[in-house]
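# Per-entry structural report
This is what each chain is made of:
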Amino acid sequence: MKASTLQKLANLSERLDELSGLMASEGITDDMDNYLKITREHADITPIVEQYKTYIQTEADIKEAESMLSDPEMKEFAQEEISAGKERLEEIEEELQTLLIPKDPNDDKNIILEIRAGTGGDESALFAGDLFRMYSRYVERQRWKLEILSANESDVGGYKEIIAKIEGQGAYSKLKFESGGHRVQRVPDTETQGRIHTSACTVAVLPEVDEVADVTINPADIRIDTFRASGAGGQHINKTDSAVRITHAPTGIVVECQDGRSQHANKAQAMMVLAARIKQKEEDEQHAKISSERRDLIGSGDRSQRIRTYNYPQGRITDHRINLTLYKIDAITEGDLDELINPLSTEHQADLLASMGEE
């Protein structure tokens with residue numbers, strides 16, 4: 001194992017002792033926010049330090065076995081112990097490398113899910129509806145909570161645009177690789193010749209910011225317009241100008257919310273979505289500045305990037321980032337997404353490990 005990695009592990013061991021001391025100190029629970037922060041860090045570090053201690057002990061066992069090689073009666077036993085110890089050492093090192101992969105700070109956050117119809121006209125809007133239904137079913141399976149923030153419905157069904165908030169443990173870690181262009185190939189109900197049409201939607205998965213205060217939004221930079229809510233989502237408030245549109249001048253980001261019960265609720269929801277979009281834009285710009293020879297196998301998350309194709313006539317779904325094809329379109333569109341999500345997470349982890357190895 002690299003000296004730098006061993007030093008990092010030694011530092012984490014010292015930090016764990018420090019955190020254990022803090023948790024046992026008098027009055028630690030007086031500041032609950034700080035206490036929770038300490039307990040979370042303690043929980044994150046503990047499995048790494050435990051493996052590190054196992055690594056150190058295994059090294060010590062190997063050295064002890066090596067000291068017995070000069071004893072003819074113990075030589076065979078010692079060689080077996082050394083061989084088994086070195087094999088175990090390699091396994092522990094691999095486990096430690098995985099544990100040391102930097103955790104995405106957004107993984108445990110709730111998300112803002114945005115789905116927009118793209119090329120393909122009415123069929124694209126219907127596909128947007130199908131995608132929303134797919135994610136809704138997945139949310140149900142995870143026992144998470146979904147709340148529609150804004151919906152612009154199409155005349156033929158589906159959505160021109162729909163924005164929802166998803167609350168649940170690890171929501172972002174599960175769905176963060178869904179951002180990008182989704183393409184569908186199928187015969188529309190309106191097609192009399194039986195021809196296959198291709199249409200597309202864009203999906204954006206944004207981590208919810210902890211507070212709007214996390215993002216600096218100058219009141220002078222935003223314009224707030226009110227208008228009458230329309231469509232099925234806004235029928236109960238159709239007679240008042242309760243829908244809200246917020247325009248952020250520096251970035252050009254525009255957010256509309258109309259599904260809330262009041263103008264105040266819509267404004268609060270719109271500000272939350274705006275903050276999430278601004279935060280994502282800032283992070284995207286940061287990432288763009290970082291040059292790297294290694295391209296993330298999962299892709300950039302760019303909404304314009306085509307990531308997946310849903311081919312209904314052949315009953316298959318293909319994720320183009322990892323060349324994964326599954327002939328389970330019915331099950332997946334009913335929310336059984338784990339067979340897509342898990343390989344993407346595994347591939348991402350492997351890429352991070354490879355990047356660490358190059359450092």
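Worth saying up front: this structure is predicted, and the values here are computed from it rather than measured.

## Points about a negative patch on the surface
Side chains of Asp61, Glu64, Glu76, Glu80 and Glu81 sit close together on the surface and give a patch of like negative charge. Relative to the assigned elements, Glu81 resides in helix H3 (residues 75–99). The exposure class assigned to Glu81 is partly exposed, which follows from its relative accessible area of 40%.

## Remarks on the sheet that holds strand E3 (residues 159–167)
Pairing in this open sheet of 8 strands is mixed, and the strands run E2-E3-E1-E5-E4-E9-E10-E11 from one edge to the other. The open sheet is flanked by strand E2 (145–153) and strand E11 (324–326), the only strands paired with a single partner. Averaged over all neighbouring strand pairs, the angle between strand axes comes to 15 degrees, with direction disregarded. When E2 meets E3, the two strands line up antiparallel, connected through 8 bridges. Considered in E3, the bridge of Glu147 is made with Lys165. Contacting strand E1 (111–117), E2, E3, strand E4 (180–186), strand E5 (197–207) and strand E9 (306–311), helix H4 (residues 122–142) crosses the sheet at an angle of about 45 degrees to E5.

## Describing helix H1 (residues 3–24)
For H1, built from 22 residues, the straight-helix expectation of 32 Å at 1.5 Å per residue is met to within 8% by its first-to-last C-alpha distance of 32 Å. The set of residues buried in H1 consists of Thr5, Leu9, Leu12, Ser13, Leu16 and Leu19. On an axial view of H1, the arc spanned by its buried residues comes to 125 degrees, and they lie on one face. For H1, exposure combined with an orientation more than 90 degrees from the buried face picks out Ala3, Ser4, Glu14 and Asp17. Structurally, H1 contributes buried residues whose contacts are with helix H2 (32–66) and H3.

## A look at the sheet that holds strand E8 (residues 253–257)
Taken together, the 3 strands give an open sheet; going across it, the order is E6-E7-E8, and neighbouring strands pair in antiparallel fashion. Each end of this open sheet is capped by a strand with a single partner; those strands are strand E6 (222–227) and E8. Along the sheet, successive strands turn relative to each other by an average axial angle of 15 degrees, direction set aside. Sheet topology note: the strand E7 (residues 243–248)/E8 ladder contains 5 bridges and is antiparallel. Paired with His248 across the strands is Ile253, a residue of E8.

## Some thoughts on the packing of aromatic side chains
Per the stated rule, a full pass over the model turns up 3 aromatic pairs. Taking 5.4 Å as the distance between ring centres and 70 degrees as the angle between the ring planes, the aromatic pair formed by Phe127 and Tyr310 counts as edge-to-face. Taken together, the positions of Phe127 in helix H4 and Tyr310 in strand E9 put the pair 183 residues apart, joining distant regions of the chain. Residue Phe127 is classed as buried on the basis of its relative accessible area of 1%. The residue whose ring lies beneath Arg186 is Tyr312, and the NZ or CZ to ring-centre distance is 5.0 Å.

Cut-offs used in this document
- Residues numbered from 1 in each chain as written.
- Predicted model: local features only at pLDDT ≥ 70, side-chain atom pairs only at ≥ 80, totals over all residues.
- Heavy atoms only, no water.
- Patch = residues over 30% accessible without salt bridge, like charges linked within 9 Å, V, L, I, M, F, W, Y side chains within 5 Å.
- Areas by Shrake-Rupley, 256 points an atom, 1.4 Å probe, with all protein chains shown as cover.
- Salt bridge = Lys/Arg side-chain N within 4 Å of Asp/Glu carboxyl O.
- Lys, Arg positive; Asp, Glu negative; His and termini not counted.
- Charge placed at Lys NZ, Arg CZ, Asp CG, Glu CD.
- Helix = DSSP H or I, 4+ residues; strand = E, 2+ residues; numbered from the N terminus.
- Buried < 20%, exposed > 50% of the residue type's maximum accessible area, 1.4 Å probe, protein only.
- Pairing = 2+ DSSP bridges.
- Axes fitted to C-alpha atoms, helices over the stretch in contact; angles between N-to-C directions.
- Contact = heavy atoms within 4.5 Å.
- Expected span 1.5 Å × (residues − 1).
- Arc of directions from axis to C-beta.
- Phe/Tyr/Trp six-rings, centres within 6.5 Å; stacked < 30°, edge-to-face > 60°.
- Lys NZ or Arg CZ within 6 Å of the ring centre and 35° of its normal.

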